[in-house]
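Summary of the model geometry
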Amino acid sequence: MSTPISIVWLLAAAVPAAVIGIFLGYGARKRIGERRIGSAEAEASRRVQIADQEIEDRRTQLELDSKDRLLNMQTEFEKQTQTRRQELSEQQQRLVQREENLERKLEVVEKKDLSIQALEQGIKTREKELHEHEEELQSLIEEEKRLLQRVSGMGAEEGRRLLLSKLELELRHEAGVRVKQIEEETRMAADHKARKIVAEAIQRCAAEQTMESTVCVVPLPSDDMKGRIIGREGRNIRALEMITGVDVIIDDTPGAVTLSAFDGVRREIARRSLETLITDGRIHPARIEEVVTKTKQEMDRIIWEEGEKAVMEVGVQGLHPELIKLLGRLRFRTSYGQNVLEHLKECAFLMGVMASELGLDFWLARRIGLLHDVGKAVSHNVEGPHAVIGGQLVRKYGESEEVCHGVEAHHGEVEQRSVMSVLAQAADAISGARPGARREVFESYVKRLENLEKIADTFKGVGKAYAIQAGREVRVIVEPHKVSDREMPLMARELSKKISDGLEFPGQIKVTIIRETRAVEYAK
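Residues numbered from 1 in each chain as written. Predicted model: local features only at pLDDT ≥ 70, side-chain atom pairs only at ≥ 80, totals over all residues. Heavy atoms only, no water.

Each helix and strand in the protein chain was counted, giving 14 helices and eight strands. Taking all 524 residues of the protein chain together, 29% fall into the buried category. A sequence separation of at least 24 residues applies to 62% of the contacts in the protein chain between residues at least 6 apart. Element-wise, carbon and sulfur atoms account for 55% of the exposed surface of the protein chain, whose accessible area totals about 35,500 Å². (Helix = DSSP H or I, 4+ residues; strand = E, 2+ residues; numbered from the N terminus. Buried < 20%, exposed > 50% of the residue type's maximum accessible area, 1.4 Å probe, protein only. Contact = heavy atoms within 4.5 Å. Areas by Shrake-Rupley, 256 points an atom, 1.4 Å probe, with all protein chains shown as cover.)

What follows is the structure in C-alpha cells.
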C-alpha cells in the first residue's frame, strides 16, 4: 500500500513541473525565433542595400559606356562625312574641268565646222570652174581635131592611131613611174626584214674560209732528194705521175717539189705518197706503186672521216653513207679558190639561222644547205649543171622531195617552188660573195667585165657603160634626149634581167642608170 501511494504523489508533483517546463520551453523558443527573424530581416535589408548599390553602379557604368560609344560613333561619322565631302569636292572639280574641256573642244569643233563649210564652198566653186574649163577644153580639143584634119588631110582612123600612140607613150611613162613607186615601197618593206635576217645569219655564222689552188708544195729535207725522186733516166718521176695522175714539177726552187692537179683527191694522194717515200728513203717504181696503193686505201678512210665530221658538225642525221662519202670528197675540191665542204657547212649554218627567223623547219634548212653542192663531187665525170646532178644524187639516195628540189633549184636551172630553194640560193650567194671567200682567174674576170659593158651598150640611148667595183656594179650613162626619167626604172629592170640571163657570176651585180642634162653658155 505504501508503494502505490508514493507513485501517486510523485505523479501529482511531476505534472505541474512538466506543465511549467513546457511553458518555459515554448517561451524560450519563441524568443529565439524572434531573434532569428530579426537577424534575417536585417541581413535581407543589408543585401537589398548592397544589390541596390550594385544596380546603381552598373547603371552608372552603362551610362558611361553608352556615352563613350556614342562619342566614338559621332567621331567616326564626322570623319566619314569629312572624307565624303572631300571626295564630292574632288568630283565636282573634275566635272568642272571636264565641262571646261568640253567647251573648248566644242569651240574647236565649231571652228572646224566653219572651216569645212568654207572648204566645201570653195570645192563647189572649184568644181564648177573645173567643169566649165573641162567643157571649154573639150570644145578646144574638138576644134583642134577638126583643124588638124583640115590642115593635114588626116582621116579619123589615122588620127585615132596617132592618139593611141600618144596614149601608149603616156601610159608607158606612167607605168615607169608606177614601177619605180612600187619598187621603192616594196624595197622599203622588204629590205629591212631581209637585211635583218641576213645580218643575223652572218653575225651568228663565223665559218673559216681558206684559199686553195690546184698546186701544192712538198718540202724536201735536202736538194739531193730531187735526184732520187727523178730516178735513173726519170723512171721514178714518170712512175709517180702515171700512177697518181699528178704533174710533179721539179725546178730550181730550193728544198721543195710542186705537185699540180685539178682533182684535189689525186693531188692529196700524191702529196701523202711522196711524203711517205721521202721519209722512208726507198724510192723506186715498185715501192712507189705500193705506197700509192696504201695511200689510196687510207684516203678512202680519210674521205669518210671528213664527211662524217662535217655531218656531225652541222647536226644532220640519217644521211646515206654514199652521200657522206661524196661530202668527204668535197673536202679536197675548191670553187673559185673556196673550199667546197667549208662552203657547204657555212651555207647550212646560214640557212638554219634564216629559217629560224622566218619560222621554217630549222633542220630541213640545214640539210638542204649541207647537200646543195654535193653534185660538184661528181660533176667532173658527169655532164650537166652540178645543181641538177646533185638533185639526182640526193633523190637516188632516198632524200625527201623538199631536199631534192632545194638542191636542184638553188641556181635556177629548175624553177623554184619553195621558200627553202630561195634560202639555199641566198645562203649560197652570201657565202660566195663574202670578201676573201673566192677568187677568179684574171682572164675570166676581165672577160666578165667586158661582157657586162657589152650587154649595157646594146640598149638604145646608152652613151657610156662602165663595169666597176670588181664587176659587182655596172653604171650606165644614158643620153638625156633619148631616155627620160620615167623610162629609167624600166631600163634598169630590163638590163638586170638580161645580165642575169646572159652571164654567170658569183653574188649579185648592181645596175645604176645615170641621166644628166647640162646647159652650157659662155659670157662674152
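What follows covers the packing of aromatic side chains. Across all of its chains, the model carries one aromatic pair by this definition. Considering the side-chain rings of F362 and W363, the 4.8 Å spacing of their centres and the 80° angle between planes classify their relative orientation as edge-to-face. With a relative accessible area of 25%, F362 lands in the partly exposed category. Stacked on the ring of F332, the Lys or Arg R331 has its end atom at 6.0 Å from the ring centre. (Phe/Tyr/Trp six-rings, centres within 6.5 Å; stacked < 30°, edge-to-face > 60°. Lys NZ or Arg CZ within 6 Å of the ring centre and 35° of its normal.)

Here we take up the packing of helix α5 (residues 264–280) against helix α6 (residues 285–314). The contact between α5 and α6 brings their axes to 9 Å, and the two run at 130°. The angle between the axes of α5 and α6 places the two elements in the oblique class. The two elements α5 and α6 meet at a crossing, and its hand is right-handed. On α6, the residues that touch V265, E268, I269, R272, S273, T276, L277 and D280 of α5 are R287, I288, V291, V292, T295, K296, E298, M299, I302 and I303. A per-class count over the contact of α5 with α6 returns nine nonpolar, three polar and six charged. (Axes fitted to C-alpha atoms, helices over the stretch in contact; angles between N-to-C directions. Parallel < 35°, antiparallel > 145°, perpendicular 65-115°, else oblique. Left-handed = near helix turned anticlockwise from the far one by under 90°. Nonpolar A, V, L, I, M, F, W, Y, C, P; charged D, E, K, R; others polar.)

Tallying each qualifying case throughout the model produces 27 salt bridges. The closest approach of N and O atoms between E290 and R287, which form a salt bridge, is 3.4 Å. Separated by three residues within a single helix, E290 and R287 lie in helix α6, roughly one turn from each other. Its relative accessible area of 11% is what places R287 among the buried residues. (Salt bridge = Lys/Arg side-chain N within 4 Å of Asp/Glu carboxyl O.)

For the rest of this paragraph, the subject is a nonpolar patch on the surface. Together, L137, L140 and I141 make up an exposed nonpolar region whose accessible area comes to about 260 Å². Inspection of the secondary structure puts L140 in helix α1 (residues 2–152). (Patch = residues over 30% accessible without salt bridge, like charges linked within 9 Å, V, L, I, M, F, W, Y side chains within 5 Å.)

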